[in-house]
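# Remarks on the overall topology
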Amino acid sequence: MKLVRYGEAGSEKPGMIDADGRLHDLSAHVADISGDVLTDAGLAKLRAIDPFSLPLVDGEPRFGPCVGAIGKFMCIGLNYSDHAAETGAAIPEHPILFMKANSAIVGPNDTVVLPRGSTHSDWEVELGVVIGETAKYVSEEDALNYVAGYCVINDVSERHFQTGLTGQWTKGKSCDTFGPTGPWLVTRDEVPDPQALAMSLDVNGRRMQTGSTSTMIFSVAQIISHLSQMFTLHPGDVISTGTPPGVGMGMKPPVYLKPGDVMELAIDGLGRQRQAVEMDA
Ligand code: ZN
């Protein structure tokens, strides 16, 4: 299934995309794509619905983030061997974890607003993992059974805030609008191998990132298992699993976002995002 949230920011409705790519309203069945709706039992109820029996949504409404009421927004740093190399960083021994403030989360095609004075804002196409079942101390073998589904995430990053302002990476990762998520939550039954997904990101029509989840250092299963040894993962938590090569700071000379730029991202089977870039007033 492809589940979405559509409508104005803050009052999105749940929806389902049919096999022909059309949007149907799910709000007679669930209030939101969040929490218990994401469990195996919750998704089974939605799977029993024929999408063509649902009301068709007219026009082309805005898509919101594909998961509502996200609990924790966790990100894994330097998780692609080829990206670690371009940043000059050593291959990490354990998954690098940082948090992105939930207030950064926006829809897949919403405008990305650079914070005042930003000169080092950068892009990162990433595979997003949405937790569906409560997970604590899970094994790598079982880990993918705790996943509701997958989505595209742009882990937009202000590199000066991230490292130049010292402290935690969270500073540069949490700016408002720096977490476009969606367009769809694609349930895990439709993603048989999350480690075989091609991904790309263009800026102003120029290909910047080309990658595959096959070059992740820590697999989705390893990441879930590792995090669950330390704390509980809840339905509606999201993990952004790192970015392949081609970020702006890795270029020679580095290239950063400026007002007027347009980012376009895609991951195989998970859809596309498009964000215009503005500077905060
Ligand atoms: Zn990232």
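Since this is a predicted model, take the numbers as computed values, not measurements.

## Quick notes on the coordination of the zinc ion
- Ligation of the zinc ion by protein atoms is provided by Glu124 (OE), Glu126 (OE) and Asp155 (OD), these donors lying 1.9 to 2.0 Å from the ion.
- If you list the donors of the zinc ion from N- to C-terminus, the spacing comes out as E-x1-E-x28-D. Placement of glutamate 126 in strand 9 (residues 125-131) and of aspartate 155 in the loop between strand 10 (147-154) and strand 11 (157-158) is noted, with a sequence separation of 29 residues between them. Across the pair, exposure class does not vary: glutamate 126 and aspartate 155 are buried alike.

## Quick notes on the pairing of strand 14 (residues 198-203)
- Here strand 14 lies mainly inside the structure; five of its six residues are buried.
- The pairing of strand 14 with strand 15 (residues 206-212) spans six bridges and is classified as antiparallel. Looking at strand 15, one finds that aspartate 202 is bridged to arginine 207.

## Comments concerning helix 1 (residues 40-47)
- Buried residues of helix 1: Gly42, Leu43 and Leu46, and no others. Considered in projection along helix 1, the buried side chains sweep an arc of 95° and stay on one side of the axis. Of the exposed residues in helix 1, the ones pointing more than 90 degrees away from its buried face are Ala41 and Lys45.
- At its buried positions, helix 1 is contacted by strand 1 (2-6), strand 2 (13-17), strand 10 and strand 13 (185-187).

## Topic: the layout of surface pockets
- As a volume, the largest pocket reaches approximately 230 Å³.
- Quantified by volume, the second largest pocket comes out at close to 160 Å³.
- Lining the second largest pocket we find 18 residues, and of these Leu78, His83, Gln162, Trp169 and Met249 sit closest to its centre.
- Every element with two or more residues in the lining of the second largest pocket is listed here: strand 4 (73-77), helix 2 (81-87) and helix 3 (159-164).
- Here the lining of the second largest pocket takes three residues from helix 3, the largest share from any one element.
- The residue makeup of the lining of the second largest pocket, split by class, is five nonpolar, eight polar and five charged.

## A closer look at unusual backbone geometry
- Here the amide bond leading from glycine 182 into proline 183 is cis, since omega sits at 20°, within 30 degrees of zero.
- Cis geometry is adopted by the peptide bond preceding proline 253, which originates at lysine 252 and carries an omega value of -5°.
- Topologically, proline 253 is positioned in the loop between strand 16 (238-240) and strand 17 (262-267).
- With phi around 50°, leucine 78 is a residue other than glycine that occupies positive phi space.

Criteria and cut-off values
Residues numbered from 1 in each chain as written. Predicted model: local features only at pLDDT ≥ 70, side-chain atom pairs only at ≥ 80, totals over all residues. Heavy atoms only, no water. Donors = N, O, S within 2.8 Å, 3.2 Å for Na, K, Ca; no water. Helix = DSSP H or I, 4+ residues; strand = E, 2+ residues; numbered from the N terminus. Buried < 20%, exposed > 50% of the residue type's maximum accessible area, 1.4 Å probe, protein only. Pairing = 2+ DSSP bridges. Arc of directions from axis to C-beta. Contact = heavy atoms within 4.5 Å. 1 Å grid on protein atoms, 1.4 Å probe; cavity = no way out; pocket = protein on both sides within 12 Å on 5 of 7 lines; lining within 4 Å. Points joined across faces, edges and corners; volume = space filled by probe spheres on them. Nonpolar A, V, L, I, M, F, W, Y, C, P; charged D, E, K, R; others polar.

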